[in-house]
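# What the coordinates show
Given next are the chains, with one letter for each unit.
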Amino acid sequence: MGYRTIGKQLGEKATTVGAIIRKWKKFKMTVNHPRSGAPCKISPCGASMIIRKVRDQPRTTRQDLVNDLKRAGTTVSKKTISNTLRRHGFKSCSASKVPLLKPAHVQACLKFANDHLDDPEEEWEKVIWSDKTKIELFGLNSTRHVWRKKKDEYNPKNTIPTMKHGGGNIILWGCFSAKGTGRLHRIEGRMDGAMYRKILANNLLPSVRALKMGRGWVFQHDNDLKHTTRATKEWLRKKHLKVLEWPSQSSDLNPIENLWRELKIHIAQRQPRNLKDLEKVCMEEWAKKPCCSVCKPGQELQETYDLCNCKQRFLYQILSSAFLMYQMMIPLSTIWRNNESTA
């Protein structure tokens, strides 16, 4: 039976019938194949080369990769480089800023993670966390976005006022626990050991009583020189305060950093006009903060949050942070041990 006879029976052209039959004979299927698109300008060997370089040197720029391929005989654009890296799972991101860790810091962080990974929730609920932070008058305004038309770029409603050094700043000390926020205190002038002990006496102890921490609570602060002086240690001993052993250069492990971030975001939304107004706004926003602010920073708070679930998220964050640090430090400590053994 010919193509024309089949075409008359099916109501199709003979050329269409012929194309379908030839496709079946060649591919054993009649559906259309997906189009292959334009051929990739970067060969598999070239893609392997740029991926290997990005793995070894993550700070390599797209222009560097373009130049490397050009020397190898392939001319491509930076957009092609981006598309190739995305297909292999790479994404251009801002490098995270982390404290500079020495081998001693790594060992201390490893010890902290190992000692506390299996601690029960009740132990973390007894900890009252503390730290200080700097809040600038125009600190987070640079992250704001506006909806505007192209010609309205410099409309005052669509601009953000800026000043050198953030327009001034204030230094705050605060504390909180799984039960809520404690007192917030503005530090006037340069803080020394005597001022720090006065802050603890006037703010930490009243916060503990207000939060009803009960007996056996633990105080956390970092290893700042003002916190580790002999006079401060003696003051803590006389007050019978149990201090959580804290590894150096590990400020990102403190969950109060999430609370500071939330506070700064809400302050930027209120747009204080001067330092006095900034302090007032800080105190008002701090008083509004429930403990669930530290659970998921950046997420809208809901009145229906259950306190117990909030505590679980808060405790999970501490444990996961410690476990993440543990995972990050294991390969580093192995490398240092190998270097010491070969030295």
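Structure first, text after, so check above.
The present account deals with the structure reproduced in this document. Because the structure is predicted, anything quoted here is derived from the model rather than measured.

Once that is clear, we can look at helix α2 (residues 14-27). If you check α2, its first and last C-alpha atoms are 20 Å apart, about what 14 residues at 1.5 Å a residue would give, namely 20 Å. Where α2 terminates, the next one or two residues include K28, which has phi positive at roughly 60°.

Strand order in the open sheet made by the five strands is β3-β2-β1-β4-β5, with mixed pairing throughout. Edge positions in the open sheet fall to β3 (180-187) and β5 (242-243), since each of these has one partner strand only. On the sheet, helix α8 (residues 193-211) packs against β1 (127-136), β2 (169-177), β3 and β4 (218-220) and is oriented at approximately 160° with respect to β3. Together, β1, β2 and β3 form the strand contacts of helix α11 (residues 256-270), whose direction differs from that of β1 by roughly 35°.

Looking now at the side chain of H227. By secondary structure assignment, the location of H227 is in helix α9 (residues 225-228). Given the relative accessible area of 7%, H227 is considered buried. Here D222 takes part through its side chain, which lies 2.8 Å from a polar atom of the side chain of H227. Ignoring sequence-local partners within four residues, the contact set of H227 consists of Y196, H221, D222 and T232.

To continue, consider unusual backbone geometry. Although it is not a glycine, K28 adopts a positive phi angle of roughly 60°. As for its position among the elements, K28 is in the loop between α2 and α3 (44-56). On the accessibility criterion, K28 (57% relative accessible area) is exposed.

With that settled, consider the side chain of D131. Mapped onto the fold, D131 is located in strand β1. Although buried, D131 forms no salt bridge, and the nearest oppositely charged side chain, K132, lies 5.3 Å from it. Apart from residues lying up to four places away in sequence, D131 is in contact with L172, W173, G174, D222, N254, I256, E257 and W260.

Between two packed helices, both the angle of their axes relative to each other and the distance between the axes serve to describe the pair. In contact at an axis separation of 9 Å, α8 and helix α10 (residues 230-238) are set at 25° when each is read in the N-to-C sense. Accordingly, the angle class assigned to the pair α8 and α10 is roughly parallel. For the crossing formed where α8 meets α10, the hand is right-handed. Note on element contacts: α10 touches α8 through A231, T232, W235 and L236, opposite G193, Y196, R197, L200, A201 and L205. By residue class, the composition of the contact of α8 with α10 is seven nonpolar, two polar and one charged.

This next bit is on the pairing of β3. Every regular strand shows the same layout, with side chains that alternate between the two sheet faces. The buried fraction of β3 amounts to six of the eight residues, a majority that puts the element mostly inside the structure. Alignment of β2 against β3, held across six bridges, turns out to be antiparallel. Looking at the pairing, G174 lines up with L184 of β3.

Rules used throughout
Residues numbered from 1 in each chain as written. Predicted model: local features only at pLDDT ≥ 70, side-chain atom pairs only at ≥ 80, totals over all residues. Heavy atoms only, no water. Helix = DSSP H or I, 4+ residues; strand = E, 2+ residues; numbered from the N terminus. Expected span 1.5 Å × (residues − 1). Pairing = 2+ DSSP bridges. Contact = heavy atoms within 4.5 Å. Axes fitted to C-alpha atoms, helices over the stretch in contact; angles between N-to-C directions. Buried < 20%, exposed > 50% of the residue type's maximum accessible area, 1.4 Å probe, protein only. Polar contact = N/O pair within 3.5 Å; in protein donor to acceptor, adjacent residues only side chain to side chain. Lys, Arg positive; Asp, Glu negative; His and termini not counted. Salt bridge = Lys/Arg side-chain N within 4 Å of Asp/Glu carboxyl O. Parallel < 35°, antiparallel > 145°, perpendicular 65-115°, else oblique. Left-handed = near helix turned anticlockwise from the far one by under 90°. Nonpolar A, V, L, I, M, F, W, Y, C, P; charged D, E, K, R; others polar.

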